[in-house]
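# Fold and contact review
Spelled out, the chains give:
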Amino acid sequence: MKLSRAQFIRGIRVLALGPVLGLTSPRGRLPVAVGGARELWSDGRCTVRDGDRIHLWLEGSWDPKALEHDWDGTPLPSSSVTVDADGRGIMLLLRPPQPSGRFTLAYHDGRRFVLDLMTPGDPPKGDILPGRRALVAATWEAVETFESQDDIVRAEALIEQMRGFPLSLDIALQSELFSLQLARWLGRFDGLQVGLERVIDISRRYGNAPLYATALCERALHLGHIGHFERAAADADLAAAVPGLGLYSDQLQVNVSWVHIHRREYDPDAHDPSAELARAHASLERSESSLAEGARLNLAVAASQGRSPDLAAARRWMDQVDLAALNLRDRVFAHLVLARISHDARVVRSELERAASYAALTFDDDEILRVLYARARFEQESGAPGAALRHYEEAEAIVARQALLLTLEHERSFFAGRDRRSRSHYLSLLDRDPTRAMCMVLGARARHLHSLSVAVDSSPEYVEALTRHREKQGELEAMQRSSRELPQVELEISTRRANLERERLANDLRAARARLSSESPPWMCPIDARGERDVPQGTALLTMHPLPEAGRWWFAWKRYGEQPLPLVIEGAIDAASRWQAAKQVLCTMRDDDHLAGLEQLWVVPTGEFLDVGFHTLLARMWPQGPW
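Report follows, based on the coordinates. Given the structure is predicted, the values throughout are model-derived calculations rather than measurements. (Residues numbered from 1 in each chain as written. Predicted model: local features only at pLDDT ≥ 70, side-chain atom pairs only at ≥ 80, totals over all residues. Heavy atoms only, no water.)

The next point concerns helix H12 (residues 345-362). Under the 1.5 Å per step criterion, the end-to-end length of H12 is 26 Å for 18 residues, consistent within 8% with the ideal 26 Å. Turning to H12, its buried residues number three or more, namely Val 348, Glu 351, Leu 352, Arg 354, Ala 355, Ala 356, Ser 357, Tyr 358, Ala 359, Ala 360, Leu 361 and Thr 362. One side-chain oxygen at the N-terminal end of H12 lies 2.9 Å from the backbone nitrogen of Arg 346; it belongs to Asp 344. (Helix = DSSP H or I, 4+ residues; strand = E, 2+ residues; numbered from the N terminus. Expected span 1.5 Å × (residues − 1). Buried < 20%, exposed > 50% of the residue type's maximum accessible area, 1.4 Å probe, protein only. Polar contact = N/O pair within 3.5 Å; in protein donor to acceptor, adjacent residues only side chain to side chain.)

Structural data, given as C-alpha cells:
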C-alpha cells in the first residue's frame, strides 16, 4: 500500500503541469510567495513572533544584484537578509529585526513587494491561513470519498482552487505536489521527474520538512517505477532521514518502505524494510491512526518476498488486514499475497484471478503487469508452459506501450531493463525454441531503441490523443470503483466490459503512435524458424540476456541457415568481468568451429554488455582472422 498526503487522490484528471508555482501578481508588484508566517493576508500583511524567520520566493530568472530591500525605509544589513539565487529563482531568508514593521523588496524595473509584519492577535477579516486549512480539509473529504464523475470534478476543482492563493508558498508547493502525485498515479510521466525536482529543490531551500520529504518519496516511487532502483532507494532513505517531521515520520516510513518493497519485486536480494515498517506500524497503532491498515498490508507483502519468504508471518499480517477497507490497488496486492501464502493450487488460481480482476479495474499498467507476471510464474511452475507464455507475451506488449509514455531518454533506458528478471523466466520457457527465444530478446531491445528514437512530445496530435486517453481512463476508473464489492461472477462481467473499453482506448492511442512514428516500419524479427528471414551468408548475429535468479547470462549466436546456438555463461557479470565473459563466448564459438568463414558480426548488446567491443576483441584475439 502506497500512502501519502494524497493517498486517495486517484482517478482524477491530471492538472496542467506548468511552472512549479505559476505565481501571478498585479501590475507593478513582484510575484513573491511567502512562507513561514503564522498568519498571512492577501494584501501582504502577516504575523510573526520574535525570532521567526520568513522565506520569500521569487520564481524565474532574476538578477539578485538588482534587488533592494529595506525595513521601515532603512536598508537592512546582510545579517538580516540571506539571498539564495539560481536559475530556478531567488529564495530570500528574512530575519525580522522586530516582530512589527514593514519589509519592502524592490527590483530595478520599479516593481515592488511590501510585507507588513505584526505580532499575533485577533486576525482581521481576510486571513488566508484558516481559509487554506478549510480548503485542504474539503479537498481531503472530496478525494477520499469520490465515487462518481461529479465527485472527481469537484475534487479537481478544489485542487485547482488551492493554486489560486496569491501569496502562500506552502499552498503553492502543496498544490503542485498534489498535481504531480496524480500524474504518477495516472501514468502521466512526461515532465513528472522535472516537476518533482523543482518541488524538492524549492521545499529544501524553504525548509519545509514534510513537503521536502514527501516530494523526495514521490520521486523515489517514480524512479522505482522506471527501474532506477538504486537511486529510488537513495531518495527514500534520504526522505526517512529528514529531521523535524514529528508525527508525519511514521506515515512517511510507510511510503519509504513501499519503495523498498517495490524494488524487491524485481530484486529479491534488495533491502527488506520489515524492521523499520514494524516500528512505524506500532507507533501508528498506538495513535489509532487509520494508516496502520496500510502498514499491516505492507508488512504482509514484505514478509512474502525475498528468496526465503516468511509465509507464516505474511499470513499473520494478512489475518489482521480488513480487505473491505482497501482501495482497488491495495486489493491487488492483498490477493497476490494470499496467493503466495497458499499451498492449494485451486486457491492460488482463484486469488490470482481475483487480483487480475481488480488490476483491470485500476487501469494501471503496473498493477496489470504485476499480476501477469505472477500468473505466468504460477502456470510455469504448474507445468502449463503455453498459458505461461501467453501471460508473458501480454506483459511484453504492455511494457512496449508504457515505454512511449516516458519523454526523458534516460528514463526509458532504465525502464527497458526494469523487467529483466521476469523476462528471464519467459526466456527459460523457450529452451526448446532457440529461434523464438532469440526473437524475444531482439524484440525487447528493438522496442527500447525505438522508444528512444521517438520524440513523444514533438507531435501536438499525439499529445492531444494522449490527453484524451488519460481523461477517459480517469472517468472509467471512477465509474468502475463501485464494482470492487461485486461477487466474483459480476466482477468478471464488469471487468470484461472495462477491458473492452480499455482496448478501444488503447487502439486509439496506438493509432496516434503509429502516426507519430509513421516513418518507422513495424518491427519484424530478422530470423524465423522457417528460414524466410535470416542473417546474410557470412554473417553472425550475437545477442544476450541475463538470467539473474540463476546468476547466469544467456547468449545466442546465429549463422545463416542454422538454428540459433544458445550458450550460458555461469556467474554474475559486472564491469570487471564482462570483457572476460565476452572473450569466453568468442573462444567457445571458435573452438566449436562457428567462426569459420565469418565476414561480419552483428551484435545486439544488452545490459552490462552495451559498451563491450566484440568486434575489437575479435581483431585483437585473431588479427589474421578467426578461421
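Before going further, it helps to examine the state of the cysteines. In the structure shown here, the tally under the stated rule is one disulfide. Between the sulfur atoms of Cys 439 and its disulfide partner Cys 525 the distance amounts to 1.8 Å. Residues Cys 439 and Cys 525 are joined by a disulfide whose S-S torsion is about -85 degrees; by sign, that bridge is left-handed. Of the two residues, Cys 439 is situated in helix H17 (residues 434-453) and Cys 525 in the loop between helix H19 (488-516) and strand E11 (539-547); the sequence distance between them amounts to 86 residues. Residue classification places Cys 439 among the buried residues on the basis of a relative accessible area of 16%. (Disulfide = S-S within 2.5 Å.)

One pass over the structure, following the stated rule, counts seven aromatic pairs. Both rings, one in Trp 553 and one in Phe 555, keep their centres 6.5 Å apart while their planes meet at 40 degrees; by these two values the pair is tilted. Overall, the relative accessible area of 1% leaves Phe 555 in the buried class. Seen from their ring centres, Phe 609 and Phe 614 are 6.3 Å apart, and the 35 degrees between their planes marks the pair as tilted. Here the aromatic cluster, defined as three or more aromatic residues joined through ring pairs, consists of Trp 553, Phe 555, Phe 609 and Phe 614. (Phe/Tyr/Trp six-rings, centres within 6.5 Å; stacked < 30°, edge-to-face > 60°.)

Turning to the packing of helix H4 (residues 192-206) against helix H5 (residues 209-226), a few remarks are in order. H5 packs onto H4 with a crossing angle of 155 degrees between their chain directions and a minimal axis gap of 8 Å. In terms of axis orientation, H4 runs roughly antiparallel to H5. Read as a crossing pair, H4 and H5 show a hand that is left-handed. Contacts from Leu 192, Gln 193, Leu 196, Glu 197, Val 199, Ile 200, Ser 203 and Arg 204 in H4 reach Leu 211, Tyr 212, Ala 215, Leu 216, Glu 218, Arg 219, His 222, Leu 223 and Ile 226 in H5. For the contact of H4 with H5, a count of residues per class yields ten nonpolar, three polar and four charged. (Axes fitted to C-alpha atoms, helices over the stretch in contact; angles between N-to-C directions. Parallel < 35°, antiparallel > 145°, perpendicular 65-115°, else oblique. Left-handed = near helix turned anticlockwise from the far one by under 90°. Contact = heavy atoms within 4.5 Å. Nonpolar A, V, L, I, M, F, W, Y, C, P; charged D, E, K, R; others polar.)

Right, let's get into the pairing of strand E10 (residues 112-118). Every regular strand shows the same layout, with side chains that alternate between the two sheet faces. Pairing geometry for strand E3 (residues 45-47) and E10, over three bridges, is parallel. Looking across to E10, one finds that Arg 45 is bridged to Asp 116. Of the strand pairs in this sheet, strand E9 (residues 101-107) and E10 are connected by six bridges, and their pairing is antiparallel. Residue pairing in the sheet places Thr 104 in a bridge with Val 114 of E10. Once E9 ends, the chain turns through four residues before running back antiparallel as E10, passing Gly 110 with a positive phi of about 100 degrees. (Pairing = 2+ DSSP bridges.)

Across the sheet, which stays open at both edges, the six strands sit in the order E2-E3-E10-E9-E5-E6 with mixed pairing between neighbours. Lying at the two open borders of the sheet, with one neighbouring strand each, are strand E2 (39-40) and strand E6 (74-75). Across two bridges, the pairing between strand E5 (residues 67-71) and E6 is antiparallel. Looking at E6, one finds that Trp 71 is bridged to Thr 74.

Moving on, we come to the pattern of salt bridges. Side chains that differ in charge, positive against negative, can pair when their charged atoms come close. Counting across every chain of the model gives 25 salt bridges. With a closest N to O distance of 2.8 Å, Arg 204 and Asp 201 form a salt bridge. In this pair, Arg 204 and Asp 201 are both assigned in helix H4, three residues apart and thus about one turn of the helix distant. In this structure Asp 201 comes out as buried when scored by relative accessible area, which is 12%. Glu 393 is the salt-bridge partner of Arg 436, the closest N and O atoms lying 2.2 Å from each other. Of this pair, Arg 436 sits in helix H17 while Glu 393 sits in helix H14 (residues 385-403), placing them 43 residues apart in sequence. Judged by its relative accessible area of 33%, Arg 436 falls in the partly exposed class. (Salt bridge = Lys/Arg side-chain N within 4 Å of Asp/Glu carboxyl O.)

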